[in-house]
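Secondary and tertiary structure notes
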Amino acid sequence: MNLSGHSSAQTLSKPLIGAGEPPAFNWLNAGGTAPVLLVCDHASRRIPQTLGNLGLSDSELSRHIGWDIGAAEVTACLAKAFDAPAVLTGYSRLVIDCNRRIEDASSIPEISDGTKVPGNEALPSSARQQRIDTFYHPYHAAIDESLKNFIDREQVPAFISVHSCTPVMGGRHRPWHIGVLSNRDLRLAAPLIESLAADAELVVGDNEPYSGKSEAGYTIQAHAEKRGIPHVMLEIRQDLIGDSAGAQHWAHVIEKALRQVLACCPMRMAYPPENGLLR
């Protein structure tokens, strides 16, 4: 890890994560045996003490700009229900967004949804690299390690990326309770949409409110698409999972739908091994 140089927010001779603070990522149920891998890119709103809250108030960090509200608890509930491994970020997307390409300006935003982030302004390249080394690379390495565990036992998982979205954005109400995002691979997304939409009370978005074809799905692109692993990104409306009762309810809804997909479409969950797409 490169800890040399100077930063306006911290002295780079010191580690960004202090003694007694949580690690860069959380790996839940690492030995889980279900053919499912869960990831949560925006699980936490925590800022390491060395970065001094990035100049923001607690109320700002509690908003959606700091994390995906409710997504971590939904992920944890699903990991327990399926006996599946899950990898979750340990720090706020404002420190570095692990669901973006490193070179993307939004990976360490100076402004997020109209809110200036003082601790990210004019960040020296050395300070930027330290965040990449401390938070970004370890999270993605943990996902790779979890996938290797599946590959070692000749099992192809359903790769599920769990996110949440605001009920209103730019003055527009979002009617979808849950969005199922995909790009070219519909093996998981199409039957999951069908299974969720079987409940007439649910409004299910197909690539809504965001599109899986955008650059905002880096984690899936980097780990699942390149290996040919069936995958999907979920966007659950935050007002539905803002408390434990809501998160548990929606974890159950997703679990039920996903179990139907896995039970009815097992052959759609893996490429033929001779294609070598899991290496």
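Residues numbered from 1 in each chain as written. Predicted model: local features only at pLDDT ≥ 70, side-chain atom pairs only at ≥ 80, totals over all residues. Heavy atoms only, no water.

What to know about the nonpolar core
- If you look at the biggest cluster of nonpolar residues, it comprises 39 residues, and the most contacted ones within it are Leu-38, Val-74 and Ile-160.
- Elements that contribute at least two residues to this core include exactly strand 2 (36–40), helix 2 (71–82), strand 3 (86–89), strand 6 (158–165), strand 9 (178–181), helix 4 (189–197), strand 11 (231–237) and helix 6 (244–264).
- Of all the elements, helix 6 adds the most residues to this core, at 9 residues.
- Beyond its immediate sequence surroundings of up to four residues, Leu-38 is in contact with Thr-75, Leu-78, Ala-79, Ala-84, Pro-85, Ala-86, Val-87, Ile-160 and Val-162.
- Core analysis: the next-biggest nonpolar cluster, separate from the first, contains 37 residues, Val-39, Leu-123, Ala-142 and Ile-220 among them. (Core = buried A, V, L, I, M, F, W, Y, C linked by side-chain atoms within 4.5 Å. Buried < 20%, exposed > 50% of the residue type's maximum accessible area, 1.4 Å probe, protein only. Helix = DSSP H or I, 4+ residues; strand = E, 2+ residues; numbered from the N terminus. Contact = heavy atoms within 4.5 Å.)

Notes on helix 4
- Of all the positions in helix 4, only Ala-189, Pro-191, Leu-192, Ile-193, Ser-195 and Leu-196 are classed as buried.
- Where helix 4 is buried, its residues touch strand 9, strand 10 (204–206), strand 11 and helix 6.

A look at the state of the cysteines
- Summed over all chains, the structure comprises 0 disulfides.
- Not part of a disulfide, Cys-165 finds its nearest cysteine sulfur in Cys-40, a span of 13 Å. (Disulfide = S-S within 2.5 Å.)

A look at the pairing of strand 6
- The buried fraction of strand 6 is high, at 8 of 8 residues.
- Both faces of strand 6 are covered, namely the face carrying Ala-158, Ile-160, Val-162 and Ser-164 and the face carrying Phe-159, Ser-161, His-163 and Cys-165.
- In terms of strand pairing, strand 2 meets strand 6 through 4 bridges, oriented parallel. Along strand 6, the bridge assignment pairs Leu-38 with Ile-160.
- Judged from the 7 bridges that link them, strand 6 and strand 11 form a sheet pairing that is parallel. Counterpart to Ile-160 in the pairing with strand 11 is Val-232. (Pairing = 2+ DSSP bridges.)

Examining the pattern of salt bridges
- According to the stated counting rule, one finds 9 salt bridges in the structure shown.
- Note that Arg-227 and Asp-144 form a salt bridge whose closest N and O atoms lie 2.9 Å from each other. Within this pair, whereas Arg-227 is found in the loop between helix 5 (218–223) and strand 11, its partner Asp-144 is found in helix 3 (residues 125–152), the two being separated by 83 residues in sequence.
- Residue classification places Arg-227 among the buried positions, given a relative accessible area of 9%.
- The class for Asp-144 is partly exposed, based on a relative accessible area of 29%.
- Three or more residues joined by partner-sharing salt bridges are found here, namely Glu-60, Arg-63 and Asp-113. (Salt bridge = Lys/Arg side-chain N within 4 Å of Asp/Glu carboxyl O.)

Brief notes about the environment of Ile-160
- By the element assignment, Ile-160 lies in strand 6.
- Between the C-alpha atom of Ile-160 and that of Val-180, which follows or precedes it by 20 residues, the distance is 10 Å.
- Beyond its immediate stretch of four places on either side in the chain, Ile-160 contacts Val-36, Leu-37, Leu-38, Val-39, Leu-188, Val-232, Leu-234 and Leu-258.

So, helix 2
- For helix 2, built from 12 residues, the straight-helix expectation of 16 Å at 1.5 Å per residue is met to within 8% by its first-to-last C-alpha distance of 16 Å.
- Along helix 2, the positions that sit buried rather than exposed are Ala-71, Ala-72, Val-74, Thr-75, Leu-78, Ala-79 and Phe-82. Angular distribution of buried residues about the axis of helix 2 spans 160°; they occupy a single face of the element.
- In this fold, the buried residues of helix 2 make contact with strand 2, strand 3, strand 6, strand 11 and helix 6.
- Following helix 2 by one or two positions, Asp-83 has its phi on the positive side, about 60°. (Expected span 1.5 Å × (residues − 1). Arc of directions from axis to C-beta.)

Some details on the side chain of Asn-207
- Along the chain, the position of Asn-207 falls in the loop between strand 10 and helix 5.
- In contact with Asn-207, other than residues within four places in its own chain, are Val-180, Leu-181, Ser-182, Gly-212 and Lys-213.

Looking at the packing of helix 2 against helix 6
- Two numbers describe how helix 2 lies on helix 6: the axes approach to 8 Å, and their chain directions differ by 45°. Judged by the angle between their axes, helix 2 and helix 6 are oblique. Where helix 2 crosses over helix 6, the two elements pack in a sense that is right-handed. Here Glu-73, Val-74, Cys-77, Leu-78, Ala-81 and Phe-82 of helix 2 come into contact with helix 6, specifically with Ser-244, Ala-247, Gln-248, Ala-251, Ile-254, Glu-255, Leu-258, Arg-259 and Leu-262.
- Tallied by class, the residues present in the contact of helix 2 with helix 6 amount to 10 nonpolar, 2 polar and 3 charged. (Axes fitted to C-alpha atoms, helices over the stretch in contact; angles between N-to-C directions. Parallel < 35°, antiparallel > 145°, perpendicular 65-115°, else oblique. Left-handed = near helix turned anticlockwise from the far one by under 90°. Nonpolar A, V, L, I, M, F, W, Y, C, P; charged D, E, K, R; others polar.)

Geometric descriptors of this kind do not, in isolation, establish any biological role.
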